[in-house]
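What follows is each chain in one-letter form.
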Amino acid sequence: MRAATLVGIAFLCMAAPGVAPGVAAGTGPGAKGGKGTPAPNEPAAVLARDRVAADLAALREYRPGYSFWRHVFAVPDGQVLFGSGSDGRILASFPTRSDWTAGGRFEDQAVAGVLAGQRLQGTLAARRDKVAELLEPTVGPVVSNPTRGNFVLPNVRLYGSFLEDWAAIYERFGAPAEIGLAQAMVESGFNGKARSRANAHGLCQFLKGNWDRLNRLTPQVIEVQNQTTQAAYCAAYLTVLSTKYGSFIPALSEHHAGGANVGKVLINGARLGATDVRRRYFEGSDFARDLRAISTRQFRDLVGTYGIRSSLYAEMVFANAPAVDSMRGAVPQERIYAMRTTRAVPLQEIMRQTGLSEREVKRFNPALVRQVPRGATLYLPEPVERFGADVSFWLRPASSEFAVVLEEFVALSAPPEEWETPAFQSLLTDFRRRFRDTGTEEGTVMDAVIAYVMQELPSTHRVLDQFRTSPKVLQAFDAGVRARQPRSAEAESQH
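Attention in this report is confined to the structure presented alongside it. (Residues numbered from 1 in each chain as written. Predicted model: local features only at pLDDT ≥ 70, side-chain atom pairs only at ≥ 80, totals over all residues. Heavy atoms only, no water.)

Looking now at the state of the cysteines. Enumeration over the complete set of coordinates arrives at 1 disulfide. The disulfide partner of C204 is C234, and the gap between their sulfur atoms is 2.0 Å. The S-S bond linking C204 to C234 shows a torsion near -80°; that makes this disulfide left-handed. Of this pair, C204 sits in the loop between β5 (200-201) and β6 (206-207) while C234 is found in helix α10 (residues 227-245), placing the two residues 30 residues apart along the sequence. (Disulfide = S-S within 2.5 Å. Helix = DSSP H or I, 4+ residues; strand = E, 2+ residues; numbered from the N terminus.)

Right, dumping it as structure tokens:
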């Protein structure tokens, strides 16, 4: 789509504040492959890349239009995009507040006359449904969404120069940077102060209560509005969940919908005959989506709170991974140094010692109001010894001790159901100890995040154990299969 391309180029080329003039894009001290940038942990990275490759193959098979979502976050608000569910290309766009029969733009001329003589009234949702209905006989399945560029664009200007160091943090934990950062973009637009109506906070939008739990599991203070602090925990969580499932697709979905919902999806996928975890996920996800369309109330025991956004979440993330890579290459990068405070450090002292403006100090530390608490982390473009020990682990090569434990952890190949067993939890406890014994910042984070995941496992196990055996659920499943069959036959006849 031409509009998406032009806007994408515009926001990728915006210079970030605080970057020295004349620094070429992608060549700053934090740029990929630049001087002093450590290579990612290779063994863990190879395993993660293999998982991403298999995930992409599954997306192309089950959700071939997933690339549509890259346009949604590249175009400023105010448009509704319609795309092909078969290949993701943009078919048409319409201004949100206008007469669509007069103000639309068609990218596919085969459907340019589809609105001729039509009357589009009612809510925005009703108009979207009607246009999709008119397009589908010609182009097949259609997806649509309002554009969300304004969610991302202002934050790219503020924080785009930090992406390379945030990428190094993700890679240190064996999480592919483009996947982790694309998730952060979709969740928060890179804004550390982002807060949802459900009280989710920060870069990757953990619920406030979950951040509080993590804070109790760590020796240092977690300030959740600082993206550089959050990145390590978001990365470790993504690594733990992708190891649990052997795939980033259900891992991302668990982050969004919870382990019990994803477990139900996988169980239903297996009941439908799928065996591989990716096929189980997509078969179960499609099943939940179709049953919601038939009757959410009738099939609530089967679908739980796994909704439409839950089913689309991994698509959104994978579709936007190339955009994040482009940002990293197009926006000049700057380094982030971290100091662990041994006392409360006032904002005014930071400004005096560094010569930075209040705005610039807070750009590195969005959580900062009056002072950095004792035991928290202060981020600056240069290290200042008086503020505390340098804990910028992403600027140094990983220790061999941490690398070995991480590789062994990421290589675990137990099915997700086995994670619920006491024997496996004993194994996880041992990995916690081994990560902790590395004496590294990364090891401390992995220890806390594994503990956090282990706290969730007993309740998830109780829910899923009942879901597997409940006669009521099994009856609902059989009813869902029967109710779904006419819709599947109708869809096949149309396409």
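A pair of packed helices is characterised by two quantities: the angle between their axes and the separation of those axes. Where helix α11 (residues 248-257) meets helix α15 (residues 308-330), the axes come as close as 9 Å, and the angle between the chain directions of the two elements is 125°. Viewed along their axes, α11 and α15 adopt a mutual orientation that is oblique. Crossing of α11 against α15: the hand is right-handed. Here F248, I249, L252, S253, H255, H256 and A257 of α11 come into contact with α15, specifically with R309, S310, Y313, A314, V317 and F318. For the contact of α11 with α15, the per-class residue count stands at 8 nonpolar, 4 polar and 1 charged. (Axes fitted to C-alpha atoms, helices over the stretch in contact; angles between N-to-C directions. Parallel < 35°, antiparallel > 145°, perpendicular 65-115°, else oblique. Left-handed = near helix turned anticlockwise from the far one by under 90°. Contact = heavy atoms within 4.5 Å. Nonpolar A, V, L, I, M, F, W, Y, C, P; charged D, E, K, R; others polar.)

This model, assessed by the stated rule, comprises 26 aromatic pairs. Here the aromatic cluster, defined as three or more aromatic residues joined through ring pairs, consists of F173, F393, W394, F402, F409, W419, F424, F431 and F435. Sitting over the face of the ring of F477, R271 holds its NZ or CZ atom 5.7 Å from the ring centroid. (Phe/Tyr/Trp six-rings, centres within 6.5 Å; stacked < 30°, edge-to-face > 60°. Lys NZ or Arg CZ within 6 Å of the ring centre and 35° of its normal.)

So, on to unusual backbone geometry. You will see that N199, though not glycine, has its phi angle at about 70°, which is positive. Inspection of the secondary structure puts N199 in the loop between α8 (177-188) and β5. What makes N199 partly exposed here is its relative accessible area of 26%. Residues other than glycine seldom take positive phi values, yet Q205 does so here, at roughly 60°. Q205 sits in the buried class, given a relative accessible area of 12%. (Buried < 20%, exposed > 50% of the residue type's maximum accessible area, 1.4 Å probe, protein only.)

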